[in-house]
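# Secondary and tertiary structure notes
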Amino acid sequence: MPRTARDVVFVDGVRTPFGKAGPKGIYHETRADDLVVKCIRELVRRNPNLPVERIDEVAVAATTQIGDQGLTIGRTAALLSGLPKSVPGYAIDRMCAGAMTAVTTTAGGIAFGAYDVVVAGGVEHMGRHPMGEGVDPNPRFVSEKLVDESALFMGMTAENLHDRFPHLTKERCDAFAVRSQEKAAKAYANGDIQPDLVPIAVRNTNPEVGETGWGLATVDEPMRPGTTLESLAGLKTPFRPHGNVTAGNAAGLNDGATASLLAAEDVARELGLPVKMRLVSYAFAGVEPEVMGIGPVPATEKALAKAGLTIEDIGAFEVNEAFAVQVLAFLDHYGIADDDERVNPYGGAIAFGHPLASSGVRLMTQLARRFEQRPDVRYGITTMCIGFGMGGTVIWENPHFEGGK
């Protein structure tokens, strides 16, 4: 019998505060799976109308699926969260777009009718599991020149993007980074970020970091609100002598987790769950791995075409700031100004951090906040570049739309 696709909605999203990776970071003594568990439990707490037995799937992404990020983390996190044993789960990996792919994959299941309600999110503990830990790239990649060796190092691919677009100067990237920090500080001051943060109990055993013992993580650790162009100008360029990419105009190495609730719209209405966004379309696209930062452009082109929309229809952008040059390449392609108020209005990964597989849902929670505050905006996108030469874009509709664009 013929099926009709169901509308998929974003019900809610939460995340941990993001931390700096390494022995001085807030999560040095905290397990990755426990970060996910906190997010799932918070989603359940915030949505008391949801009978937990109605959750049909838990999809959790991690880029480095070993140690406390291994063991099919979607299933183990579901069990550790206290969800019924009847709730299944699985792990997923698309590098930086892990959580985004967890959302799109389970959304497809909802649209098809396989699921009614799902949890989708991601985690990355880059302090415990640095990017690339345990991997063994096939030597054919380099020996047969399938990719340039720089494709294996994300910072080098960002330098390659500077080579391709020399008008995207280091000065423009630094200016973008300063604005990201300023917007994040303003968003915190206005209370736009805190409602979706899950406080995390953390333990410090390193006296060099500060007072030892237990504490509470409630804010993003990487933020540098006092950043200036002058302070960024002298930073080292670790990926190339006299290069353009620095620790100041790129996201750092971070720890953190995210989780979201998705549902069929009719089920959300039936259960009295909030409807924060409505899924319109999504697309992933491949590009040359050496310039993976350009990935959001073809992904956005595909997603817009599937939706029957143009870039002019989009009134809100959440673009992951893995590197400032990658965001500027996207904006430049579409003729959007570096400081356009539609783009990352609360700041981005340069300020908050980018714990790889978790970031897709952070973009979505911030877009949902923008939709709530701007009923004149109808469509928004979340988009990101993805390691080894890909991009991903999800287009959302504002359920609060009251006319405008």
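Residues numbered from 1 in each chain as written. Predicted model: local features only at pLDDT ≥ 70, side-chain atom pairs only at ≥ 80, totals over all residues. Heavy atoms only, no water.

An unreviewed UniProt entry annotates the protein as Putative fatty acid oxidation complex subunit beta of Kitasatospora setae. Reading the Sequence similarities (unreviewed entry) entry of the UniProt record for the protein gives the comment "Belongs to the thiolase-like superfamily. Thiolase family." (UniProt positions renumbered as here; feature names shortened; annotations may be inferred.)

### A short note on the nonpolar core
Grouped together as the largest cluster of nonpolar side chains are 74 residues, with contacts concentrated most on V58, V123, M364 and W396. Excluding its chain neighbours within four sequence positions, the residues that come into contact with V123 are A32, L35, V36, V60, A61, A62, Q69, I73, G256, A257, A357 and S358. Judged by nonpolar contacts, the second largest core, of 41 residues, contains V178, L304, F323 and A324. (Core = buried A, V, L, I, M, F, W, Y, C linked by side-chain atoms within 4.5 Å. Buried < 20%, exposed > 50% of the residue type's maximum accessible area, 1.4 Å probe, protein only. Contact = heavy atoms within 4.5 Å.)

### Overview of the pairing of strand β9 (residues 277–286)
Of all 10 residues in β9, 7 are buried, a share of seventy percent or more. In this sheet, β9 lies alongside strand β1 (residues 8–15) in antiparallel orientation, the contact comprising 2 bridges. What sits directly across from F10, in β9, is M277. Pairing between β9 and strand β12 (residues 390–397): 8 bridges, direction antiparallel. Directly across from R278, in β12, lies its bridge partner E397. (Helix = DSSP H or I, 4+ residues; strand = E, 2+ residues; numbered from the N terminus. Pairing = 2+ DSSP bridges.)

### Side note on the UniProt feature "domain: Thiolase C-terminal" (unreviewed entry) in the protein
UniProt marks residues 275–397 with the feature "domain: Thiolase C-terminal" (unreviewed entry), using the numbering shown here. Secondary structure over residues 275–397 splits into 33% helix and 26% strand, and the C-alpha atoms at its two ends are 11 Å apart.

### A look at unusual backbone geometry
One non-glycine residue, L71, adopts positive backbone phi at about 60 degrees. Secondary-structure assignment places L71 in the loop between β3 (55–61) and α2 (73–80). A positive phi angle is found at K145, which is not glycine, with a value near 55 degrees. By the element assignment, K145 lies in the loop between α4 (140–143) and α5 (154–164).

### A short note on the packing of helix α3 (residues 98–112) against helix α12 (residues 359–373)
Their axes nearest at 5 Å, the elements α3 and α12 cross at an angle of 70 degrees. As far as their axial angle goes, α12 and α3 are roughly perpendicular. Between α3 and α12, the contacting residues are A99, M100 and V103 on the first element and G360, V361 and M364 on the second. For the contact of α3 with α12, a count of residues per class yields 5 nonpolar, 1 polar and no charged. (Axes fitted to C-alpha atoms, helices over the stretch in contact; angles between N-to-C directions. Parallel < 35°, antiparallel > 145°, perpendicular 65-115°, else oblique. Nonpolar A, V, L, I, M, F, W, Y, C, P; charged D, E, K, R; others polar.)

### A word on the environment of R374
Mapped onto the secondary structure, R374 falls in the loop between α12 and β11 (379–386). You can call R374 partly exposed: its relative accessible area is 24%. Separated by 112 residues in sequence, R374 and L262 place their C-alpha atoms 22 Å apart. With residues up to four places along the chain from it excluded, the contact list for R374 reads E341 and N398. Within the local environment of R374, its side chain forms a polar contact with the side chain of D376, the two groups lying 2.9 Å apart. (Polar contact = N/O pair within 3.5 Å; in protein donor to acceptor, adjacent residues only side chain to side chain.)

### A look at the UniProt feature "active site" (unreviewed entry) in the protein
The UniProt record annotates "active site" (unreviewed entry) at C96, H354 and C385. Annotated residues spanning 290 residues; largest pairwise C-alpha distance 11.9 Å, indicating a single compact cluster. In this structure, H354 sits in the loop between α11 (349–352) and α12. Contact partners of H354, with chain neighbours within four places excluded, come to C96, M126, A251, G252, N254, N320, A322, A349, S359 and M384.

### Examining the side chain of R362
Mapped onto the secondary structure, R362 falls in helix α12. E318 provides the closest opposite charge to the buried, salt-bridge-free R362, at an N-O distance of 4.6 Å. Ignoring sequence-local partners within four residues, the contact set of R362 consists of R15, F18, T258, N320, G347, G348, A349, F352 and G353. (Lys, Arg positive; Asp, Glu negative; His and termini not counted. Salt bridge = Lys/Arg side-chain N within 4 Å of Asp/Glu carboxyl O.)

### Overview of the pattern of salt bridges
Here the structure, examined in full by the defined rule, presents 26 salt bridges. A salt bridge links E144 to R140, with the shortest nitrogen-to-oxygen separation between them at 2.9 Å. Note on E144: relative accessible area 46%, which makes it partly exposed. For E372, the salt bridge is made with R369, and the minimal N-O distance between the two is 2.9 Å. Of this pair, E372 and R369 both sit in helix α12, 3 residues apart, roughly one helical turn. Among the residues examined, R369 registers a relative accessible area of 14% and is labelled buried. Connected via shared salt-bridge partners are D12, R46, D196, K276, R369 and E372.

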